[in-house]
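Coordinate analysis (summary)
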Amino acid sequence: MSKSTKEKAEIESLESAIRHHNHLYWDKAAPEISDVDYDKLVRRLKDLSPDSAVLSEMGPSKDAPRVLGEAFRHKEPMLSLDKCYEPAELEQWAASFEGRVVAMPKFDGIACALHYEDGRLKVAATRGDGSVGDDITVNVLEIKDVPATIPTKETVEVRGEIYMRLSVFAKFKAAGMANPRNLTAGAIKQKDKSKSAAYELSFAAYDLIGTRADSQVGELEELVRFGFAKVDYLVLERDHVIEGFEKFTQWRPNLDYEIDGVVYKVDAIKEQRRLGQTSHHPRFAIAYKFQGDSGVSILRQVEWSVARTGAITPVAIVDPVNLSGVTVTRASLHNVAFIGNLGLTLGAHVTLVRRGGVIPNLENVTVPGTDPVVIPEQCPSCGSVVRRDRDFIFCSKPSTCKSAVIGQLAHYAATIGMLGFGDAILEHGYNAELLRSPVDFYTLRWEDIAKFERSGEKIAKKLVAEVDKKRSLELATFLRALGISELGKHVSAILADRYRTLDAVLQVTEEELLETHSIGASIAKSVVAGLAEARPLIDALRAHVTIVAPAHHEGEGGGPLAGLSFVFTGKMVAFSRSEAEKRVRALGAAVLSSVTKQLTYLVVGADKSGPKSTKEKAAEKLIGQGAPLKVLSEDELLAMLEGARTHESRS
Ligand SMILES: NC(=O)c1ccc[n+]([C@@H]2O[C@H](COP(=O)([O-])OP(=O)(O)OC[C@H]3O[C@@H](n4cnc5c(N)ncnc54)[C@H](O)[C@@H]3O)[C@@H](O)[C@H]2O)c1
Ligand SMILES: [Zn+2]
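Scoring rules and cut-offs
Residues numbered from 1 in each chain as written. Chains lettered and ligands numbered in written order. Predicted model: local features only at pLDDT ≥ 70, side-chain atom pairs only at ≥ 80, totals over all residues. Heavy atoms only, no water. Near = heavy atom within 4 Å. Polar contact = N/O pair within 3.5 Å; in protein donor to acceptor, adjacent residues only side chain to side chain. Areas by Shrake-Rupley, 256 points an atom, 1.4 Å probe, with all protein chains shown as cover. Nonpolar A, V, L, I, M, F, W, Y, C, P; charged D, E, K, R; others polar. Domains from an automatic or database assignment. Core = buried A, V, L, I, M, F, W, Y, C linked by side-chain atoms within 4.5 Å. Buried < 20%, exposed > 50% of the residue type's maximum accessible area, 1.4 Å probe, protein only. Helix = DSSP H or I, 4+ residues; strand = E, 2+ residues; numbered from the N terminus. Contact = heavy atoms within 4.5 Å. pLDDT = per-residue confidence, 0-100. Pairing = 2+ DSSP bridges. UniProt positions renumbered as here; feature names shortened; annotations may be inferred.

1. Brief notes about the site of ligand 1
Within the structure, ligand 1 sits among 25 residues, and Asp-39, Ser-80, Lys-83, Arg-127 and Glu-161 are positioned closest to it. Within the side chain of Asp-35, an N or O atom sits 3.0 Å from a nitrogen atom of ligand 1. With respect to ligand 1, the side chain of Lys-265 contributes an N or O atom lying 3.2 Å from a nitrogen atom. Taking 830 Å² as the accessible area of ligand 1 by itself, protein coverage stands at 94%. Residue composition of the shell around ligand 1, grouped by class: 13 nonpolar, 4 polar and 8 charged. Taken domain by domain, the shell around ligand 1 gets at least three of its residues from each of domain 1 (5–56) and domain 2 (71–289).

This is the structure:
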């Protein structure tokens, strides 16, 4: 079949566009178009000219200057992945083999191969063009997730993705950086390893070559045993593959890393071998990619909104644009520095991206506008002078600033689930001097509310009833409702779980908080200072609400192990760690993530092939310092569970 001249012209222009974007993406780490738009070009070319050589070109151009290290020839080529965008395409793939499927995140970072010999990391290399990559060992050794030694003497290759956690990316984002992948690409090429380390990169290990594992899941488990961070994955039956995509779509907004799709792999290695690979991609794997979440619009205006903390944040008002099926007119601009770094002007053409969350992000300016964005010198709500602290501006009198106070009231009501208190009611309450602090909710009288515009007896009585329903609050909810900076859902839950009473929480010190795995120095400081500052409010609220200890996750309160806490380490033999966690929780105990003075038991799994874990070492140190915590073997735990169960059935 001969191609029409028109078709040939389209193929040529697609090929040259794809080469152009490859160059920007791989050589410069500065793509001009979104991956979704890029993938559309590739798909179109694949339809028109499936054998085009451009389709298998990837990685930095051959003549691009080598930035770091020696060239490294891969023992086995590092291929691309086949991609699909529709459930039907995925199901068709799943019909081509036997057995179960593993679904895992498609990390959006930089592929890397780690070669271990005799238990030591010898070489870490980028993918490059798939056959030859760059040796980046010095920088990879700076990544905390990459163990320098692993407990095996076999020669193995670990493949995975170097990426930047979104929590790490947050500070770069505030400085105007568009995406974590480009930063990662730049970071691993740094000539000075300490500069590379400053990017705090992470590593997700998803493939293991050279072991005897007979399944993908077996490989992933082996990787955890080697000391790599566990990758989130799902095991699915072949006729339920789409559930993997649905689950990850749900989880995506809460993940601390960016994903651009879901990777599916056939579980059985025997079946993987049977399927084999093309020169471009393995046939036993496929990537189902997210699509359609970016668009271009025009910046019309910047609105300044005063948050409950007094922080004044800019919000972009743009012409309506459709992103993943939702019409968007507002986008977050984070802070004043962000505006300067992007060079934002009114009338500029801008790219908006929705990354999972609801509020889109303004990523870059494609065509500059004309008028400058004016940074306010007075609080738009109360007129007080604006205070600038590095990248942020603040109202200098938040305790008396109407917007900030209403924001605090709204946060309190929303957090404890007190319904009906919308902004209009809160504003009436504020204006009538009835609502100036969360304590005031508890003394509201329906007769007063009924006088508000568009209110009336019925609404007023309903609101007062809502307040009365919330006179008993769970500790974690109460803490979160205070609106203290950094005392969000996660930290509140940890505090409530561990200390169980408000009085105990109020005595917590920065040092104690720092012993928790996920709490860093600035969070600890902010929480402790915030609690001290909120003390008058807390005391006032206590006169009106009862604060209850956290309920247990499973079972009805109490339980034979109530009041005890557990941390698990090492691989268990009798059952999986999550099963063990479930069982102790069901008996009333708390499961913590890290070893602290307050912990009761550290359980060490019976499958002891690796060296002592950091948790074990931490526990031994604390015991040496006189902490009452105990290390339990798996057998001892089993005996304890057995005892608890008989105790429970007797009582
Ligand atoms: N925006 C642009 O201008 C532009 C230009 C060129 C390429 N690109 C992007 O690059 C892609 C093409 O590059 P490709 O074919 O090398 O990449 P790919 O999309 O085929 O994916 C293969 C890569 O996925 C990664 N990966 C992440 N999680 C994984 C997991 N769990 N298991 C296995 N692999 C995993 C690995 O790094 C692997 O090398 C495009 O689809 C596009 O997203 C964008
Ligand atoms: Zn103000």
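Here the narrative resumes.
2. With respect to the domain arrangement of the protein chain
Examined at the domain level, the protein chain breaks down into domain 1 (5–56), domain 2 (71–289), domain 3 (294–395), domain 4 (401–470), domain 5 (474–548) and domain 6 (565–650). Computed from C-alpha atoms alone, the centre-to-centre distance between domain 1 and domain 3 is 33 Å.

3. Structural notes on the nonpolar core
Of all hydrophobic cores here, the largest spans 51 residues; its most connected members are Phe-421, Phe-441, Tyr-442, Leu-479, Leu-482, Leu-495 and Leu-531. Mapped by element, the contributors of at least two residues to this core are α12 (402–416), α13 (423–431), α15 (457–469), α16 (475–481), α17 (489–499), α18 (502–506), α20 (521–533) and α21 (535–542). Ranked by the residues each element gives to this core, the list is headed by α12, at 6 residues. Mapped onto the domain boundaries, this core takes at least three residues apiece from domain 4 (401–470) and domain 5 (474–548). Once residues lying within four places of it in the same chain are set aside, the contact partners of Leu-482 are Gln-408, Leu-531, Leu-537, Ile-538 and Leu-541.

4. Brief notes about the confidence of the model for the protein chain
Here the protein chain averages 89 in pLDDT, and 95% of its residues register 70 or above. Summarising per-element confidence for the protein chain, the mean pLDDT is lowest in helix α24 (residues 634–650) (76) and highest in strand β7 (residues 156–163) (98).

5. Some details on the sheet that holds strand β24 (residues 590–591)
The strand order across the open sheet built from 4 strands is β24-β23-β25-β26, with neighbouring strands paired in parallel fashion. Looking along the sheet, the strands with just one partner apiece sit at the ends: β24 and β26 (630–633). Sheet topology note: the strand β25 (residues 601–604)/β26 ladder contains 4 bridges and is parallel. The partner of Leu-602 across the bridge, within β26, is Val-631.

6. Things to note about the UniProt feature "active site" (unreviewed entry) in the protein chain
The feature "active site" (unreviewed entry), as annotated in UniProt, sits at Lys-106 in this numbering. Within the secondary structure, Lys-106 is located in strand β3 (residues 101–107). Contacts of Lys-106, omitting those with residues within four sequence positions, involve Leu-81, Glu-258, Ile-259, Asp-260, Gly-261, Val-262, Val-263 and Ala-287.

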